[in-house]
Amino acid sequence: MRDPALAPADAPPRAGQDLPAIEARPSRGEVWPPVLEEEEDHLPKRSLGSKLFGIGVWGWVKLAALSVFVGVVFQLAGVNPLAADFTIADALGDLAQSLADLAGWSLANGWHPAITGALIVVPLWIVWRLVSVPFRR
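Residues numbered from 1 in each chain as written. Predicted model: local features only at pLDDT ≥ 70, side-chain atom pairs only at ≥ 80, totals over all residues. Heavy atoms only, no water.

Colleague: Tell me about the overall build of the chain, residues and numbers included.
Modeller: Per the secondary structure count, the chain includes 5 helices and 0 strands. In sequence order, the chain lays out its α and β elements as α-α-α-α-α. For the chain, the computed accessible surface area is about 12800 Å², with 67% contributed by carbon and sulfur atoms. (Helix = DSSP H or I, 4+ residues; strand = E, 2+ residues; numbered from the N terminus. Areas by Shrake-Rupley, 256 points an atom, 1.4 Å probe, with all protein chains shown as cover.)

So, in structure tokens, the structure goes:
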């Protein structure tokens, strides 16, 4: 019988032999392959502008959508930050009052728009589900 220590290096391990160590995969956010410390000195340094505003196209789209949403909420609440008598305390009070009014209206009349929307949305959703059946796994 042959000595397992004399087996070729590329031979599969036999029963009872230790398996070779397997490298751990990186967790989310880690660089792969790992950058050695001495290699970090050779990476180009990012400028402050790149660090602050380097968010990519999708990031800018999300930022614009969030800005529009906040603008709509402020307009519906009657908040005008460009008015001469604008104060943050008054704006927050107006916003809170508008949200309370919206909550009261929703409790009293919320089922009307919900039913109206459901009359339109649910049939379209059913049709979409039926049309997309062949494409689902």
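Colleague: Run through the packing of helix H4 (residues 88-109) against helix H5 (residues 111-132), naming residues and quoting values.
Modeller: For any two helices packed against each other, the geometry comes down to the angle between their axes and how far apart the axes lie. Direction vectors running N to C along H4 and H5 enclose 65 degrees, while the axes themselves pass 6 Å from each other. Taken as axis vectors, H4 and H5 run roughly perpendicular relative to one another. Of H5, the residues touching H4 (which contributes Trp105, Ala108 and Asn109) are Trp111, His112 and Pro113. In the contact of H4 with H5, the residues fall into 4 nonpolar, 2 polar and no charged. (Axes fitted to C-alpha atoms, helices over the stretch in contact; angles between N-to-C directions. Parallel < 35°, antiparallel > 145°, perpendicular 65-115°, else oblique. Contact = heavy atoms within 4.5 Å. Nonpolar A, V, L, I, M, F, W, Y, C, P; charged D, E, K, R; others polar.)

Colleague: Any chance you could break down a nonpolar patch on the surface for me, citing the residues and the numbers?
Modeller: On the surface, a nonpolar cluster with roughly 1100 Å² of combined accessible area is contributed by Trp111, Ile115, Leu119, Ile120, Val121, Val122, Leu124, Trp125, Ile126 and Leu130. Tracing the chain through its elements places isoleucine 120 in helix H5. A residue is classified by how much of its surface remains accessible, and isoleucine 120, at 54% relative accessible area, is exposed. (Patch = residues over 30% accessible without salt bridge, like charges linked within 9 Å, V, L, I, M, F, W, Y side chains within 5 Å. Salt bridge = Lys/Arg side-chain N within 4 Å of Asp/Glu carboxyl O. Buried < 20%, exposed > 50% of the residue type's maximum accessible area, 1.4 Å probe, protein only.)

Colleague: How would you explain H5 if you had to name every residue and give the values?
Modeller: In an α-helix, one turn spans 3.6 residues; hence positions three or four apart end up facing the same way. Helix length check: H5 (22 residues) gives 30 Å between terminal C-alpha atoms against 32 Å at 1.5 Å per residue, within 8%. Of all the bends in H5, the greatest measures close to 35 degrees and is centred on alanine 118. (Expected span 1.5 Å × (residues − 1). Bend = angle between axes of the 7 residues up to and from the residue.)

Colleague: So what's going on with helix H3 (residues 56-77)? Which residues, and what values?
Modeller: Counted at 1.5 Å a residue, the expected span for H3 with its 22 residues is 32 Å, and the 32 Å between its end C-alpha atoms agrees. Trailing H3 by a residue or two, glycine 78 shows a phi angle of about 80 degrees, which is positive.

Colleague: Quick one: what's the story with the environment of aspartate 90, residue by residue and with numbers?
Modeller: Within the element layout of this structure, aspartate 90 appears in helix H4. Expressed as a C-alpha distance, the spacing of aspartate 90 and valine 79, which sit 11 residues apart in the sequence, is 8.9 Å.

Colleague: I'd like a description of the side chain of serine 132, backed by residues and values.
Modeller: Of note, serine 132 is situated in helix H5. Looking at serine 132, the relative accessible area reads 12%, which means it is buried. A polar contact is formed between the side chain of serine 132 and the backbone oxygen of tryptophan 128, at a distance of 2.9 Å. (Polar contact = N/O pair within 3.5 Å; in protein donor to acceptor, adjacent residues only side chain to side chain.)

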